[in-house]
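# Observations on the model geometry
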Amino acid sequence: MNKLLELYQSRFGGAVRKQGDGYNGPCPLCGGEPGKSDRFMVWDYKTENLSKVCTENHIAGVYNCRQCGATGDTVSYLINIEGMSFKEALEELGIKPNTTKYKKSRPAPKFQEKAEYTPKEREIPIKVWQEFAMHLQEKAMADIHQAKEAKKYLNARGICDEAIVEYKLGYLCGENRKQGIFRMRKSLGLEAKEKNGVLSNKIFIPRGITIPTYWENELISLRIRRPKMDILPTPNGYMPPKYMELEGSAKMPFILLPEPYTTMSCFVVLEAELDAILIHYATKKSVGGCGSSFKSK
C-alpha cells in the first residue's frame, strides 16, 4: 500500500472512502465528522509537485484539504500532520537521515556589528540665496490672492484660504507668457552649470504654487507645484515633473511641528508637503506633519 494512504487510513480507518481517482475523508488538521466529511483528499498515485526527497526516492502521493488549504506530499504529511522532525520523517520512510543530499549547504551568516549611526548634517543655503528666495516668496504670497486656479486647486485639496495664509503658500507667475521665469544663476549665488555640453549662466524657475520650508525662521527651501497645463506630456513622450525645487534649496524634509511639541507628540509622514499642511491644520496643529518628497526632480 502507498505510504501516504497508509498513514491517513491509520488515523480514520473506515471513514476514508474511495472517491474517483483518490480517497477522501476528514482533515487531520481542521477536522470534519468521520463518515460524513470529504474535505481532505489523498491521491496515492500522483508524482507531480513532489518534494526533492519524495521525487528522488520514488515516493508517490499528494494530499489537499479544500477547507483549510493544507497540501503536500508524504514528507510534509509526516512533518506537518504527524509532528515529526525532518530527520524523523526520513527515518520513517527508510531513508538514511545522515545523507548530505538533503542538508542545507548554505553556511550560517556571520554576525557583523553595525557601525554607529551618525546623522547627516544638512547645509543651510547661503545668504544670497536666502535673500533671493525670500524676495521671490514674498511676491508669490501677494500674487496668490489673484491666482484663482491655484486657490481653487488648494481648496479642492482641503486647504482653505485661511490655511493658505497661515502656511505662507504663494503663487509664482510666469513672465512674457512663459511657463516660468529665467534669472542669472549668480543672483542666487550659484555657479554656471553645464547642460548638454553647453555652459549656462541662467536658471529656470517654473511658475506655480510655492511651498516654503522654514528652519528657525529662515527660508531654507522652496518647492513649486506646477499647474496642470505645464505638466502635459510632450510629443516625444517626456513627462514634465509636477514639482520642481528652486535650485540651491536645502535637502531637508518639510516638517511641521505639533503644538505643544513633546517626546510623546504624534507625527504623520506623508507623500507631499500639501498633505502635511492639511493634516497639521485640520488637527489644529496637535499632530505633526512631514512631507517626504523633498528631493529635486
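The structure displayed is predicted, hence computed values, not measured ones. Once a new chain begins, its residue numbering starts again from 1 and follows that chain's sequence as written. Totals for whole chains, interfaces and linings use every residue, but because this is a predicted model, local features are given only for residues with pLDDT of at least 70 and side-chain atom pairs only at 80 or more, for both listing and counting. Values shown for side chains rest on all heavy atoms present in the structure; no hydrogens or waters enter the calculation.

## Structural notes on the overall build of the chain
In this text, helices come from DSSP runs of H or I with a minimum length of four residues, and strands from runs of E with a minimum of two, each type numbered from the N-terminal end. When helices and strands are tallied, the chain shows 8 helices and 16 strands. Using C-alpha atoms as the atom set, the radius of gyration is obtained and then compared with a globule rule of 2.2 Å times the number of residues to the power 0.38. By the compact-globule yardstick of 19 Å for 297 residues, the chain is too spread out, its C-alpha radius of gyration being 34 Å. With the principal axes as the frame, the chain shows a C-alpha extent of 90 × 50 × 45 Å. Note on contacts: a residue pair is in contact if any heavy atoms of the two residues lie within 4.5 Å. The long-range share in the chain, meaning contacts at least 24 apart out of those at least 6 apart in sequence, stands at 48%. Carbon together with sulfur atoms contributes 53% to the accessible area of the chain, which is approximately 19000 Å² in total. The accessible surface values rely on the Shrake-Rupley method and a 1.4 Å probe; as for residues, cover is taken only from the protein chains in view.

## Structural notes on the layout of surface pockets
Taken as a whole, the second largest pocket spans an internal volume of roughly 490 Å³. A cavity here means a set of 1 Å grid points, computed over protein atoms only, where a 1.4 Å probe fits but cannot escape. A pocket is an open set with protein on both sides within 12 Å along at least 5 of 7 lines, and lining residues have an atom within 4 Å of a point. Forming the boundary of the second largest pocket are 17 residues, of which Tyr-167, Tyr-214, Ile-255, Leu-256 and Leu-257 lie nearest the centre. Looking at the lining of the second largest pocket element by element, the count peaks at 4 residues for strand 11 (residues 208-215). Residues that form the lining of the second largest pocket fall into these classes: 10 nonpolar, 2 polar and 5 charged. Grid points are joined across faces, edges and corners, and a volume is the space filled by probe spheres set on the points. Each residue is assigned to one class: nonpolar for Ala, Val, Leu, Ile, Met, Phe, Trp, Tyr, Cys and Pro, charged for Asp, Glu, Lys and Arg, and polar for all the others, Gly among them.

## A short note on the pattern of salt bridges
In what follows, salt bridge is the name for a side-chain nitrogen of Lys or Arg lying within 4 Å of a carboxyl oxygen of Asp or Glu. With the rule as written, the count across this model stands at 15 salt bridges. Salt-bridge contacts for Arg-157 lead to Asp-275; the nearest nitrogen and oxygen are separated by 2.8 Å. In this pair, Arg-157 sits in the loop between helix 6 (148-156) and helix 7 (161-166) while Asp-275 sits in helix 8 (residues 273-282), placing the two residues 118 residues apart along the sequence. Several salt bridges share partner residues, and in doing so they unite Arg-185, Lys-193 and Glu-247 into one network.

## Section: a nonpolar patch on the surface
Patch building starts from residues that exceed 30% relative accessible area and form no salt bridge, then joins like charges within 9 Å and nonpolar side chains (Val, Leu, Ile, Met, Phe, Trp, Tyr) within 5 Å. A contiguous nonpolar patch, built from Ile-255, Leu-257, Tyr-261 and Phe-267 and spanning about 390 Å² of accessible area, is present on the exposed surface. Along the chain, the position of Tyr-261 falls in the loop between strand 14 (254-256) and strand 15 (266-270).

## Focus: the sheet that holds strand 5 (residues 71-73)
A sheet is described by the order of its strands in space; here 5 strands give the open sequence 1-2-3-4-5, paired in antiparallel fashion. The outermost strands of the open sheet, each flanked by one partner alone, are strand 1 (17-19) and strand 5. If you compare each strand with its neighbour and ignore which way they point, the axes differ by 25° on average. Pairing of strand 1 with strand 2 (residues 22-25), which is carried by 3 bridges, proceeds in the antiparallel orientation. The partner of Lys-18 across the bridge, within strand 2, is Tyr-23. Axis definition: a line fitted to C-alpha atoms, over the contacting stretch in the case of helices. Angles run 0 to 180 degrees between N-to-C directions. Here helix 1 (residues 3-12) sits on the sheet and contacts strand 2, strand 3 (40-43) and strand 4 (62-65); the angle it forms with strand 3, its principal contact strand, is near 150°. Each pair of strands is called paired provided DSSP finds at least two bridges between the two strands.

## Looking at the sheet that holds strand 15
Within a beta sheet, neighbouring strands are joined by backbone hydrogen bonds and run either parallel or antiparallel to one another. Ordered by their spatial adjacency, 3 strands build an open sheet running 14-16-15, and the pairing between neighbours is mixed. On the outer flanks of this sheet lie strand 14 and strand 15, each paired with one strand and no other. Put simply, the sheet's adjacent strands are angled 15° from each other on average, direction ignored. Note: strand 14 against strand 16 (residues 287-291), 3 bridges, orientation antiparallel. Bridged to Ile-255 within strand 16 is Cys-290. Helix 8 contacts strand 14, strand 15 and strand 16 of the sheet and is inclined by roughly 175° relative to strand 16.

## Quick notes on the packing of aromatic side chains
Any two rings among Phe, Tyr and Trp, with Trp reduced to its six-membered ring, count as a pair given centres within 6.5 Å; such a pair is stacked if its planes are under 30 degrees apart, edge-to-face if over 60, and tilted if neither. A complete count under the given rule lists 7 aromatic pairs for this structure. Seen from their ring centres, Tyr-63 and Tyr-77 are 5.6 Å apart, and the 80° between their planes marks the pair as edge-to-face. Of the two residues, Tyr-63 is situated in strand 4 and Tyr-77 in helix 3 (residues 74-80); the sequence distance between them amounts to 14 residues. With a 1.4 Å probe rolled over the protein chains alone, any residue whose accessible area is under 20% of its type maximum counts as buried; one over 50% counts as exposed, and the rest are partly exposed. Look at Tyr-63 and you get buried, because its relative accessible area is 2%. Here a set of aromatic residues connected by ring pairs shows up, and it is made of Tyr-8, Phe-12, Phe-40, Tyr-63 and Tyr-77. Directly above the ring of Tyr-23 sits Lys-18, whose terminal nitrogen or CZ lies 4.7 Å from the centroid. Just above the ring of Trp-43 sits the side chain of Lys-46; from NZ or CZ to the centre is 4.4 Å. For a ring to carry a charge above it, either NZ of a lysine or CZ of an arginine must fall within 6 Å of the ring centroid while also lying within 35 degrees of the normal to the ring plane.

## Overview of the nonpolar core
Counting 27 residues, the largest nonpolar core has Tyr-8, Phe-40, Val-42, Tyr-63, Tyr-77, Leu-93 and Ile-95 as its most contacted members. Note on terminology: a nonpolar core comprises buried Ala, Val, Leu, Ile, Met, Phe, Trp, Tyr and Cys residues joined through side-chain atoms within 4.5 Å. Of all hydrophobic cores here, the second largest spans 20 residues; its members include Ala-150, Tyr-243, Ala-272 and Ile-277.

## Things to note about helix 6
Residues of helix 6 that are buried: Ala-150, Lys-151 and Leu-154. Viewed along the axis of helix 6, the buried residues span an arc of 95°, placing them on a single side of the element. Away from the buried face of helix 6 by more than 90 degrees, exposed residues Lys-148, Glu-149, Lys-152 and Ala-156 are located. At its buried positions, helix 6 is contacted by helix 7, strand 6 (170-172), strand 11 and helix 8. What the arc covers is the set of directions going from the helix axis to the C-beta atoms.

Without other data, these values stay purely geometric and don't point to any function.
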